[in-house]
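So the chains spell out like this:
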Amino acid sequence: MLRFLTAGESHGPSLTAILEGMPAGLPLTASDLQSDMRRRQKGYGSGGRMEIEKDAVRITAGVMGGKTTGSPIALHIENRDWINWRGKEIAPMTIPRPGHADLVGAIKYGHRDLRLTLERASARETAARVAVGAVCRHLLSQFGIVIGSYVVAIGDLSADLPYPSGKESSVRQTYLDRFEAAEDNEVRCPDKRAVRPMQQAVADTMQAKDTIGGIFEVVALGVPPGLGSYVHWDRRLSARLLGAVGSIQAVKGVEIGPAFENTRLPGSQVHDEISAEPADQDAKASAAALTRRTNRCGGMEGGVSTGQPIVVRGAMKPIATTLVPLQSVDLATGRPATTHYERSDYCAVPRAAVVAEAMVAFVMADTLTEKLGGDSLVEMHARFEALRPGELDELQMDGVPWQFDYYDQE
Ligand code: EPS
């Protein structure tokens, strides 16, 4: 239902995004997008470019009179660094950096200078994604869906953030507290004891002229059950989230809930047992809500949302541009050469978490509009009210034997 494209080079005049499929009638102004744009620019380990940029979004299509019209939404972000590059004579770039798109870009597109790849492969593009994600977040907020993120590891330092279990309301509060705590420090880690060591690890990396990666977690709260589907590979919410977060520059691994940890446990300790809990003591069994005490499935079973928090983790490799030279080949001479340094970031994990929120917001908005249909917000609200809750009386089964057959066969 939703789709978006971005265009723009890292040091060109601007970035542009077009988002299509937003329902009409959503109140939206550029200032609704600014907080996410600012959040993406913060984070310890930046290489200096963020001192130059002041990412501000201009909405130039799809919103009239302060509301979306249902037409494609066009978003523009100026690159302030452009004036420093405009008309500049630049040295040829012919030594590909291992880990960057330089070499594969030259092979694929036949470029005679690696900068032509670098300019588009750069994570500067994520500013446009965050603008798109902020629009999606704004839509989701109309339905009570909240998305947040935080850093769980930098290098080999892991935060102490156990996977929450227990009552739905306390799990929700745990995540809300983590989102808030993450905004308070530059590594975006809610575990206070881990903040200083993580900052030190980034500082040591900068001192060593190197780069460092890490892991972030994105959580979506208030997601109704039934988004996505198990009937086709490309309709699975899990696959869509894995692909969307995995598409972020330098992200090389994504998991749903504690997926890799789950592989080390027997099934009996992994799966989230189901119980029917009466809303109160006097309530009939049929009024019971179907609940889980754990959420090791990360909010999805069979590629469909369960109604529990959606939990997605991303692994970001260390940025490929290191001050320490790496072995490569000069494509102009064919001789061995070491890489030249280009200004870059030392650690982008805290900022990648905000970008991942944007990608998760896009997928959640996409699957929500798919579920609710509706060309306008009014239609979506009406259908949202009618969504089937996970309650026993809504799921009454016949409980009678039946014959498994296909009736057009002999
Ligand atoms: C990037 C290199 C750096 C980063 C950039 C991504 O840019 P520059 O070469 O201009 O210093 O700062 O990220 C951003 C500009 C941004 O807005 O996040 C790269 O090579 O990927």
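What counts and what doesn't
Residues numbered from 1 in each chain as written. Predicted model: local features only at pLDDT ≥ 70, side-chain atom pairs only at ≥ 80, totals over all residues. Heavy atoms only, no water. Helix = DSSP H or I, 4+ residues; strand = E, 2+ residues; numbered from the N terminus. Buried < 20%, exposed > 50% of the residue type's maximum accessible area, 1.4 Å probe, protein only. Contact = heavy atoms within 4.5 Å. Areas by Shrake-Rupley, 256 points an atom, 1.4 Å probe, with all protein chains shown as cover. Lys, Arg positive; Asp, Glu negative; His and termini not counted. Charge placed at Lys NZ, Arg CZ, Asp CG, Glu CD. Salt bridge = Lys/Arg side-chain N within 4 Å of Asp/Glu carboxyl O. Phe/Tyr/Trp six-rings, centres within 6.5 Å; stacked < 30°, edge-to-face > 60°. Lys NZ or Arg CZ within 6 Å of the ring centre and 35° of its normal. Pairing = 2+ DSSP bridges. Near = heavy atom within 4 Å. Polar contact = N/O pair within 3.5 Å; in protein donor to acceptor, adjacent residues only side chain to side chain.

Caption draft 1: Representation of the overall build of the chain. For the chain, the helix and strand inventory stands at 13 helices and 17 strands. When the 410 residues of the chain are sorted by exposure, 47% land in the buried category. When contacts within the chain are restricted to residue pairs at least 6 apart in sequence, those whose partners lie at least 24 apart make up 73%. Carbon and sulfur atoms form 53% of the exposed surface of the chain, whose accessible area is close to 21100 Å². Charge separation in the chain, taken as the distance between the mean sites of 45 positive and 51 negative side-chain charges, equals 7 Å.

Caption draft 2: Representation of the pattern of salt bridges in the model. Applying the stated criterion across every chain, the model contains 23 salt bridges. Across the salt bridge formed by Asp36 and Arg137, the nearest N and O atoms sit 2.8 Å from each other. You can see Asp36 sitting in helix H1 (residues 31-41) and its partner Arg137 sitting in helix H6 (residues 126-141), a full 101 residues away along the chain. With its nearest N and O atoms 3.6 Å apart, the salt bridge here joins Arg49 to Asp81. Here Arg49, found in helix H2 (residues 49-52), pairs with Asp81, found in the loop between strand S6 (73-78) and helix H3 (82-85); they are 32 residues apart in sequence, far enough to count as distant. Asp81 gets classed as buried once you look at its relative accessible area, which sits at 2%. One salt-bridge network, held together by shared partners, links Arg40, Arg49, Glu53, Asp55, Asp81, Arg124 and Arg343.

Caption draft 3: Representation of the packing of aromatic side chains. Under the criterion given, the structure shown has five aromatic pairs. Ring plane angle 85° and centroid distance 6.0 Å describe the contact between Phe404 and Tyr406, whose orientation is recorded as edge-to-face. Exposure class is identical for Phe404 and Tyr406. Each is exposed. Here the aromatic residues Trp402, Phe404 and Tyr406 are joined through ring pairs into a cluster of three or more. A cation sits over an aromatic face here: Lys88 above Trp85, 4.5 Å from the ring centre. In this structure, Lys108 packs its charged tip against the face of Tyr109, placed 5.5 Å from the ring centre.

Caption draft 4: Examining the pairing of strand S2 (residues 14-20) more closely. Only one face of S2 is covered, namely the one carrying Leu15, Ala17 and Leu19; the face carrying Ser14, Thr16, Ile18 and Glu20 has none of its residues buried. Where strand S1 (residues 3-7) lies against S2, five bridges are found, and the strand directions are antiparallel. Its bridge partner being in S2, Ala7 is matched across the sheet by Thr16. Pairing of S2 with S6, which is carried by six bridges, proceeds in the antiparallel orientation. Its bridge partner lying in S6, Ser14 is registered against Glu78.

Caption draft 5: The arrangement of unusual backbone geometry in detail. Its identity is not glycine, yet Arg188 carries a phi of approximately 55°, on the positive side. Here Arg188 lies in the loop between helix H7 (168-182) and helix H8 (192-207). Its identity as a non-glycine residue notwithstanding, Lys209 has a phi of 60°, on the positive side. Relative to the helices and strands, Lys209 is located in the loop between H8 and strand S9 (214-221). For Lys209, a relative accessible area of 45% corresponds to the partly exposed category.

Caption draft 6: Examining the site of the ligand more closely. Around the ligand sit His11, Arg40, Arg49, Met50, His100, Ser122, Ala123, Arg124, Arg343, Ser344, Asp345 and Arg351, and those are all the residues in its vicinity. A distance of 2.9 Å separates an oxygen atom of the ligand from a polar atom in the backbone of Ala123. Asp345 places a side-chain nitrogen or oxygen 3.4 Å from an oxygen atom of the ligand. For the ligand, whose accessible area on its own is 470 Å², the fraction buried by protein is 92%.

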